[in-house]
Amino acid sequence: MPPNMGTLSDWWAREARKGTPVVVTMENPNYSVVEIEGPEMEVFSSSEKGRGKNAKQFTWVLLLRAHRVANCMAWLATVVWALPRAVRKRLVNQSEEKPEKSRLLYKFIRAFSIISLAVLCLELVAYWKGWHFQRPDLDLHLPERLEISSWAHGAYLTWLGFRASYIAYPIQILSKFCILLFVIQSIDRLVLCLGCFWIKFKKIKPTLESDPLKEGSNYKYPMVLVQIPMCNEREVYDQSISAACQLDWPRDRFLIQVLDDSDDDSIRTLIKAEVAKWSQQGVNIVYRHRLLRTGYKAGNLQSAMNCDYVKDYEFVAIFDADFQPSPDFLKRTVPHFEGKPDLGLVQARWSFVNKDENLLTRLQNINLCFHFEVEQQVNGVFLNFFGFNGTAGVWRIKALETSGGWMERTTVEDMDIAVRAHLNGWKFIYLNDVKVLCEVPESYEAYRKQQHRWHSGPMHLFRLCLHDVLTAKISAWKKANLILLFFLLRKLVLPFYSFTLFCVILPLTMFVPEAELPIWVICYIPVFMSFLNILPAPRSFPFIVPYLLFENTMSITKFNAMVSGLFKLGSAYEWVVTKKAGRSSESDLQKTVEGLPQFHKHVSESALIELIKEEKKISVPRGKRVNKIYKKELALALLLLTAAVRSLLSAQGIHFYYLLFQGVSFLLVGLDLIGEQM
C-alpha cells in the first residue's frame, strides 16, 4: 500500500532534531571509543585528541553514515510516493466544493503566468537557435537584415526591441519605487530593533513606585470587570472560564462576564453548564447571550458594557476564549493604574502553548515574538502608544467611555478603540514580563483568514479615522507617527512592496533583463531583516530560510486584504472566528477530574449526574474538515518556477535559486501542505 500522507506532514511538523550521542564500543581493548554528536561533527577530529584510528573504527563510522543516507533516501522515496496522493485528495475535495466567484487578483496572476509561459517558450527557441541571446549587462545587438535567418528570427528581434523600448523603463521605475519603500521599511525595522536593544541594555520597564499589595498596606482593591467574549468556541471555552475564575483577587471585588455569541444550541448549553459550575463554587460569574448578534466582537463587548451594574466597576480585563491568564494577572497589571489618572490601558504579552506543534505555528511564533518583544515594547516605552491586541489587557472603563466605546465599523475594533483613546490623550503601558497563554492557528486555512482580517481592518480604519487624526488636538509629531508610521509604513507599505517587488517584479525581470534587480535587494537585505526578526525567538534560528520564504508567500494574502480594506471591497468587513484546537484541554481535563470531589461538596449528587449526562448528550462530533487548494498561490508558483527556468538561460545563479525555492514555497502553501493535515 502507498504510504500515508501523515508521514510527510509529520516531517513537516516535527522539531529540528538535535544530534543524539551515539557511542560505539569495541570489545577489543585496543580499540578506542568514538562519540558521534551529529552529522556536522568531523569524523577524524578525534585524531587531534590522541584517539587511535584503525580499519574497524573507520568501518563502523562508514556504516553509521550509510545508515543515515539510507534513512534519508527512504524518507525521500516516501515523500515522492505520498505527494501525488495528497494532491489527488485535494483535487477531489476541491471538485466537491462549490466553485467560488473568480477574483480579479487571481485572474491577473493567471493571465500573467500564461503570458510568462508563452514568452519562456519563445526564449527557449531563441536560445537553441542561437539568435544572439544577450545578458542584461551587455549592449543589445540587433542584426542587420542579411543576418536574419527566418521570419521567426525577425519576430524575436522585434520583441527584443519592443521590450527594451517600451517594457523595461516602466518596470525599472516601479522597481526603484518599491526598492525605496523596501529600504525605508527596513530602516524603520532596524530603528525598532535598536530601541529594543537600548531597553534591554538600560533595563527599562514599567515599574511601580511602591507595591500597593504588600502586607500591611491599606490598598483598596478596585472593582474589576472580567469579560470573556466567545462565539462557537467548543474546544476552548472551559479553559478561559476556568482560568478567569481562578484569578487571585477578592471575590467581592470582581465580576466575570461570559459573553457568548454562539449560534449553536449545544455549545451554549455547554458554556451555561460551565458557568453554573463555577457559580456554585462562589465565583461572581454571569452568562450573557445576545438575541440580536450584530457587530461581531465589538457589538458583543459594547452590549455588555451597557449593563447597569458596569457603573460600579473601574477597570475591565478582556480575554478571548483561548486565553488562560495566570492567577496573579490582575495583581501584576491593575496596580500600574495607581496614581496615574491619564493611564488608559495596560497590555500584557501573549505566550503560545502550541508554538512547536508544526512548521506553521513555529513561523507564526517568530512574527508574534517580534511584534511583542520589539514593536509593542518600543512603542510602549518611547511613545506610550501602541495598538491594543484585543485581549490580555486591562482598560480603565473611563478611557473606553470618553473615547466613544466599542464601535462596529471595522473588523479591528481593538485598534479602533486604541487610536481613539490615543487621540483623547490616554496613555498606554505594555508589560513584556506578564505573559498570558493562548493558541496560534494550526491550519493554514485558519491562519489565512486571520491574516486577512488583521490586514484589511487597519486600512479600512485608516479611511475612517484619517480626518479625526488630522483635526485632533495632539502634537504634529503624534499625528505624523499615526499616519506615516503606524498606518502607512507598517500596514500599507509592507504588504505592497513584499508582493509587488518579490512576487511580480522579480519574476518579470527574468523576461525583461534590462530591469534586473540587484543582488542586495534579493538576498542580502531580506536575509538580514529576517535575522533581526528572529532575534526575539532565538530557538527559531534553524527556520530562518523557511521564514523568509513563507513571509513572501503570505504577501499575496496580505496584499489582497490591504487592497480590499483600503478600497472598501466586499471582503473588507469579513469576520471569521479563528478555529482553535484546545491544545491544553488534556491538562485542564485532568485538573477537572482531580477537582471533582471538591465540586461534589458544593453540588448535589443528582445535579452533578444531570450535568454530566447533559454534557455527554450534547458532545456531538465536529463536521468533517479537509485540506484545500489555493488557486492564487498555485498560479504564483507557476509564474515563479517559469521565471526560474528562464533565469537559467542567462546563468543568474542567485536569481535562479531564489525563484526556485520561492516557487516551491508557493506550491506547498497552494496545496495546503503546511500546517495541520486533515
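Bear in mind the structure is a predicted one, so any value in this text is a computation, not a measurement.

1. Quick look at the overall build of the chain
Thought 1: The helix and strand tally for the chain stands at 20 helices and nine strands.
Thought 2: Relative to its full complement of 678 residues, the chain shows a buried share of 49%.
Thought 3: The long-range share in the chain, meaning contacts at least 24 apart out of those at least 6 apart in sequence, stands at 79%.
Thought 4: Put simply, the chain shows about 33,900 Å² of open surface, and 60% of that area lies on carbon and sulfur atoms.

2. As for the confidence of the model for the chain
Thought 1: On average, residues of the chain score 82 in pLDDT, and 77% of them are at 70 or above.
Thought 2: Note that pLDDT drops below 50 for residues 11–51; the model gives that stretch 60 contacts with residues more than four away or on any other chain.
Thought 3: Confidence over residues 585–590 falls short of pLDDT 50; this stretch has three contacts with residues more than four positions distant or in other chains.

3. Let's talk about the pattern of salt bridges
Thought 1: Per the stated rule, a full pass over the model turns up 23 salt bridges.
Thought 2: Between Lys331 and Asp248 there is a salt bridge; the shortest N-O distance is 2.9 Å. On the criterion of sequence distance, the pair formed by Lys331 in helix 8 (residues 329–333) and Asp248 in the loop between helix 5 (237–245) and strand 4 (254–260) is long-range, its members being 83 residues apart.
Thought 3: Residue classification places Lys331 among the partly exposed positions, given a relative accessible area of 26%.
Thought 4: The partly exposed category is assigned to Asp248, whose relative accessible area is 39%.
Thought 5: Of the charged contacts, one joins Glu274 and Lys277 as a salt bridge, the two residues approaching to 3.3 Å between their closest N and O atoms. A residue pair is termed a helical-turn pair when its members lie 3 or 4 positions apart in one helix, as Glu274 and Lys277 do in helix 6 (residues 265–280) at three residues.
Thought 6: Using a relative accessible area of 7% as the deciding quantity, one classes Glu274 as buried.

4. Observations regarding the UniProt feature "transmembrane region" (unreviewed entry) in the chain
Thought 1: Mapped onto the present numbering, the UniProt feature "transmembrane region" (unreviewed entry) falls at residues 68–87, 108–128, 173–199, 482–511, 517–535 and 634–651.
Thought 2: The span residues 173–199 is 100% helix and 0% strand, and its two end C-alpha atoms sit 39 Å from each other.
Thought 3: Each end of residues 517–535 is marked by a C-alpha atom, and these two atoms are 28 Å apart; helix forms 84% of the span and strand 0%.

5. A word on unusual backbone geometry
Thought 1: Within the chain, Asn384 stands out as a residue other than glycine whose phi angle is a positive 55°.
Thought 2: Within the secondary structure, Asn384 sits in the loop between helix 9 (359–382) and strand 8 (393–396).
Thought 3: Look at Lys568: it is not a glycine, yet its phi comes out positive at around 55°.
Thought 4: Relative to the helices and strands, Lys568 is located in the loop between helix 15 (544–566) and helix 16 (585–594).

6. Section: the packing of helix 9 against helix 12 (residues 444–471)
Thought 1: Helix 12 packs onto helix 9 with a crossing angle of 25° between their chain directions and a minimal axis gap of 11 Å. Considered as vectors, helix 9 and helix 12 are oriented roughly parallel to each other. Pair helix 9 / helix 12 crosses with left-handed handedness. In this structure, helix 9 uses Leu360, Gln364, Asn367 and Leu368 to contact helix 12, whose residues at the interface are Tyr444, Tyr447, Gln450 and Trp454.

7. Regarding the side chain of Gln185
Thought 1: Assignment of secondary structure puts Gln185 in helix 4 (residues 151–202).
Thought 2: Looking at Gln185, the relative accessible area reads 4%, which means it is buried.
Thought 3: The residues contacting Gln185, other than those within four sequence positions of it, are Leu489, Leu494 and Tyr497.

8. Details of helix 6
Thought 1: For helix 6, with 16 residues, the first-to-last C-alpha span of 22 Å sits near the 22 Å given by 1.5 Å per residue.
Thought 2: All of the buried residues in helix 6 are Ser266, Ile267, Arg268, Leu270, Ile271, Ala273, Glu274, Val275, Lys277 and Trp278.
Thought 3: Gly282 sits one or two positions beyond helix 6 and adopts a positive phi of about 95°.

9. Structural notes on the side chain of Thr509
Thought 1: Mapped onto the elements, Thr509 comes out in helix 13 (residues 476–511).
Thought 2: Within the structure, the side chain of Thr509 is placed 2.6 Å from the backbone oxygen of Leu506, a separation counted as a polar contact.

10. As for the pairing of strand 6 (residues 315–318)
Thought 1: Burial along strand 6 is two-sided: the residues Phe315 and Ala317 and Val316 and Ile318 are all buried.
Thought 2: Where strand 6 and strand 8 come together, four bridges link them in antiparallel fashion. Of the residues in strand 8, the one forming a bridge with Val316 is Trp395.

11. Considerations on the packing of aromatic side chains
Each pair of aromatic rings is reported with the distance of its centres and the angle of its planes.
Thought 1: Considering all chains together, one arrives at 28 aromatic pairs under this definition.
Thought 2: Both rings, one in Trp350 and one in Phe372, keep their centres 5.2 Å apart while their planes meet at 45°; by these two values the pair is tilted. Separated by 22 residues along the polypeptide, Trp350 in strand 7 (residues 343–352) and Phe372 in helix 9 bring together distant segments of the chain. One exposure class covers both Trp350 and Phe372, and it is buried.

12. Observations regarding the sheet that holds strand 3 (residues 224–230)
Thought 1: Spatially, 5-4-3-6-8-7-9 is the arrangement adopted by the seven strands of the open sheet, whose pairing is mixed. Both outer strands of the open sheet, strand 5 (285–289) and strand 9 (427–438), are each paired with one neighbouring strand and no more. The mean angle between the axes of side-by-side strands here comes to 20°, regardless of whether they run parallel or antiparallel.
Thought 2: Running over the sheet, helix 7 (residues 296–305) touches strand 3, strand 4 and strand 5 and is turned about 145° from strand 3.

Basis of the calculations
Residues numbered from 1 in each chain as written. Predicted model: local features only at pLDDT ≥ 70, side-chain atom pairs only at ≥ 80, totals over all residues. Heavy atoms only, no water. Helix = DSSP H or I, 4+ residues; strand = E, 2+ residues; numbered from the N terminus. Buried < 20%, exposed > 50% of the residue type's maximum accessible area, 1.4 Å probe, protein only. Contact = heavy atoms within 4.5 Å. Areas by Shrake-Rupley, 256 points an atom, 1.4 Å probe, with all protein chains shown as cover. pLDDT = per-residue confidence, 0-100. Salt bridge = Lys/Arg side-chain N within 4 Å of Asp/Glu carboxyl O. UniProt positions renumbered as here; feature names shortened; annotations may be inferred. Axes fitted to C-alpha atoms, helices over the stretch in contact; angles between N-to-C directions. Parallel < 35°, antiparallel > 145°, perpendicular 65-115°, else oblique. Left-handed = near helix turned anticlockwise from the far one by under 90°. Expected span 1.5 Å × (residues − 1). Polar contact = N/O pair within 3.5 Å; in protein donor to acceptor, adjacent residues only side chain to side chain. Pairing = 2+ DSSP bridges. Phe/Tyr/Trp six-rings, centres within 6.5 Å; stacked < 30°, edge-to-face > 60°.

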